[in-house]
Amino acid sequence: MKSNIKLILLFCCFFITAGWTTGCKIESMKSPEKLLEKPVTNEFNNKIYNDIRKLTPIDTTFILPKNAKEVGKINKVDLDGDQSYEIVAFKKKINENQDVNSIYMYIFEYEGDSILDDSEKVVRISGDSIKYANFIDVDNDGKKEIILHVSNKGFENIYIYDYTNNSIKKQAEYSTLKYAVKLNFYDYQGNGRDEGFAILQDRTSYDAIIAKMKIEGNEIVFDKFETSKNIDSLDKVDIINGKVSKNQNGSMVVYQNFDGSIVTQIIIYKDGKFRRALSGDDGKLKNPNLVKPQDINGDRVLEIPKIEYKYSNGTPKDSNVIAWYLWNGKLEKDSKLNLVKQIFYSYNYNFMLNIPKKLENQFLIKHKYNTNKNTFEFYQGEEEGYLEPLFNIVVVAKNNDELEVKGKAQEQQEVFSDILLENEDYMYVYKAIADKNILLNYNVDFKSVKKMFHIINK
């Protein structure tokens, strides 16, 4: 939510990874797109935390909604559009005797740098966890409603609350045991209004329904548009909102297929309904491991990744080539993914290299280990056919004895003359193998490779 300022507190903060880890080794901290959000703390946040803790029952604990990127345990937000902020906090109480847990939502008026201790408003809901929470202007009246999606003993319960004149009122609700539900709100049309996108998965057939969430009277209803039979579990679904083509907002839905593959699908909102932009049969959408879509070239449009094993002899945990594709913005038979760039990632040695345009789809990278140094050999061609050696990238560890031996000046002059980059761990060296004219044919030389070379995690 754009205007929502999360207060992540000193005593209840934790490290949040962005969804699943990315790259080809899920547990690896060296995978190229792994992001770590550091907790934000200060004395002001700590004060609010302590004030709320004093004003609420001691047998309740703060609880974090599962969409923690958008909403925190404690939130500062203008609910009623009066230019003054309210503080919304979520807590949980575990009832061990009756085995019925409770979710509490507290709303406090906020003045200066403090909450008003006589302004507490509270809603109690039976539930085990908050699957989704947000503050959205659902009915476009200039005020933000509170959306809560609570899981309770197998039931999926969704509530919408209005906060007006210092009073909380429930507007609508939905409850189901038949479906598992995944909610997402985003400005799909770019008009400043968020639309409610939902995936409902039938717990008996596992069919997943793409639907629009809306309010009719005092009920929440879902307009069901398309069905997918391939989503394994909604718990493993990640939704990334943003520009999905140059002129289209949408969501990248990343999920695990029944065969274990990780699939990315694009969802857009057009003509009052949600639609899939791509055919599920496109092999570019499937990966053996999780790699998350992202804006890979800085143009503010999300690209779809595809792991390509055939371009490297490295194992998935050591290195990989990932091709990044952009949707052309068209639908049905005209819908297409276009290659943006291919990137070689070396996780063990923490570097990445953009593949030169003239070598895309016709190259191979061989990783050769050596006692003193590691060499990445770049070839033009395919493994089954003729391979033309072009250049090497040599990685030398700083603790390598070879760097300290004075009697090898001539060898060092040869190996370490064209340094792409040097840090406290490694020296990365470019070494031309092919004739200069052959390299120029592919727009490859020391300067061009240096521009395409980057450290993954600095």
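Residues numbered from 1 in each chain as written. Predicted model: local features only at pLDDT ≥ 70, side-chain atom pairs only at ≥ 80, totals over all residues. Heavy atoms only, no water.

## What to know about the overall build of the protein chain
Within the protein chain, the regular secondary structure consists of 4 helices and 32 strands. For the protein chain, with 458 residues in total, the buried portion stands at 53%. Here the contacts in the protein chain between residues at least 6 apart in sequence split such that 51% fall between residues at least 24 apart. Of the roughly 22,200 Å² of accessible surface on the protein chain, 45% is carried by carbon and sulfur atoms. (Helix = DSSP H or I, 4+ residues; strand = E, 2+ residues; numbered from the N terminus. Buried < 20%, exposed > 50% of the residue type's maximum accessible area, 1.4 Å probe, protein only. Contact = heavy atoms within 4.5 Å. Areas by Shrake-Rupley, 256 points an atom, 1.4 Å probe, with all protein chains shown as cover.)

## Concerning the sheet that holds strand 24 (residues 319-327)
Remark on secondary structure: sheet strands pair via backbone hydrogen bonds, oriented parallel or antiparallel. Spatially, 5 strands are ordered 23-24-25-26-32 in an open sheet, and the strand pairing comes out antiparallel. Since the sheet does not close on itself, it has two edges, and those belong to strand 23 (304-308) and strand 32 (453-455), each with one partner. Adjacent strand axes in the sheet meet at a mean angle of 30 degrees, parallel and antiparallel pairs treated alike. The sheet contact formed by strand 26 (residues 351-354) and strand 32 spans 3 bridges and is antiparallel. For Leu-353, the partnering residue across the bridge sits in strand 32 and is Phe-453. (Pairing = 2+ DSSP bridges. Axes fitted to C-alpha atoms, helices over the stretch in contact; angles between N-to-C directions.)

## Considering the pairing of strand 20 (residues 262-270)
Every other side chain in a regular strand lies on the same face of the sheet, so the side chains alternate between the two faces. In terms of residue burial, strand 20 counts as a mostly covered element, since 8 of its 9 residues are buried. For strand 19 (residues 248-256) and strand 20, the ladder comprises 6 bridges, and the chain directions are antiparallel. By the bridge assignment for strand 20, Gln-256 is matched with Ile-262. Hairpin remark: strand 19 followed by strand 20, antiparallel, with 5 residues in the connecting loop; positive phi at Gly-260, about 95 degrees.

## Overview of the environment of Glu-303
Mapped onto the elements, Glu-303 comes out in the loop between strand 22 (286-287) and strand 23. What makes Glu-303 buried here is its relative accessible area of 0%. Considering only alpha carbons, one finds Glu-303 and Pro-293, 10 residues apart in sequence, at a separation of 5.5 Å. Setting aside its immediate chain neighbours within four residues, Glu-303 contacts Pro-293, Gln-294, Asp-295, Ile-296, Asn-297, Trp-324, Tyr-325, Leu-326 and Val-340. There is a polar contact of 2.8 Å between the side chain of Glu-303 and the backbone nitrogen of Ile-296. (Polar contact = N/O pair within 3.5 Å; in protein donor to acceptor, adjacent residues only side chain to side chain.)

## A word on the sheet that holds strand 30 (residues 418-422)
Spatially, 27-28-29-31-30 is the arrangement adopted by the 5 strands of the open sheet, whose pairing is antiparallel. Bordering the open sheet on either side are strand 27 (363-368) and strand 30, each of which pairs with just one other strand. Across the sheet, the mean angle separating the axes of adjacent strands is 20 degrees when strand polarity is ignored. Looking at chain direction, strand 27 and strand 28 (residues 374-381) are connected through 6 bridges and run antiparallel. Across the sheet, residue Ile-365 finds its bridge partner in strand 28, namely Phe-378.

## A word on the nonpolar core
Counting residues in hydrophobic clusters, the biggest one holds 35 residues, and the most contacted among them are Phe-197, Ile-199, Val-237, Val-253, Ile-266, Leu-278 and Trp-327. Among the elements of the structure, strand 14 (179-186), strand 15 (195-202), strand 16 (208-216), strand 18 (238-245), strand 19, strand 20 and strand 24 are those that each provide at least two residues to this core. The element contributing the most residues to this core is strand 20, with 6 residues. When near neighbours in sequence (up to four residues on either side) are disregarded, Trp-327 contacts Val-244, Ser-245, Gln-248, Ile-266, Ile-268, Ala-277, Leu-278, Ser-335, Lys-336 and Leu-337. (Core = buried A, V, L, I, M, F, W, Y, C linked by side-chain atoms within 4.5 Å.)

## Focus: empty space enclosed by the protein
Counted under the stated rule, the structure contains 2 cavities of 30 Å³ or more. Of the pockets and cavities examined, the second largest cavity occupies roughly 30 Å³. Around the second largest cavity, the lining residues are Ile-355, Pro-356, Leu-359, Phe-363, Phe-378, Tyr-379 and Phe-391. Residues of the lining of the second largest cavity, tallied by class, amount to 7 nonpolar, no polar and no charged. (1 Å grid on protein atoms, 1.4 Å probe; cavity = no way out; pocket = protein on both sides within 12 Å on 5 of 7 lines; lining within 4 Å. Points joined across faces, edges and corners; volume = space filled by probe spheres on them. Nonpolar A, V, L, I, M, F, W, Y, C, P; charged D, E, K, R; others polar.)

## Structural notes on the environment of Lys-224
Looking at the element boundaries, Lys-224 is found in strand 17 (residues 219-228). Using a relative accessible area of 45% as the deciding quantity, one classes Lys-224 as partly exposed. The contact partners of Lys-224, leaving out residues within four places of it in the chain, are Tyr-179, Ile-209, Ile-210 and Ala-211. For Lys-224, the side chain forms a polar contact with the side chain of Tyr-179, separated by 3.3 Å.

## Here we look at unusual backbone geometry
One can expect most non-glycine residues to show negative phi and most peptide bonds to be in trans. If you check the backbone angles, Gln-83 has positive phi at about 70 degrees while not being a glycine. Secondary-structure assignment places Gln-83 in the loop between strand 5 (74-77) and strand 6 (86-93). Exposure remark for Gln-83: the relative accessible area of 69% places this residue in the exposed category. One non-glycine residue, Asn-443, adopts positive backbone phi at about 55 degrees. Relative to the helices and strands, Asn-443 is located in the loop between helix 3 (436-441) and helix 4 (446-452).

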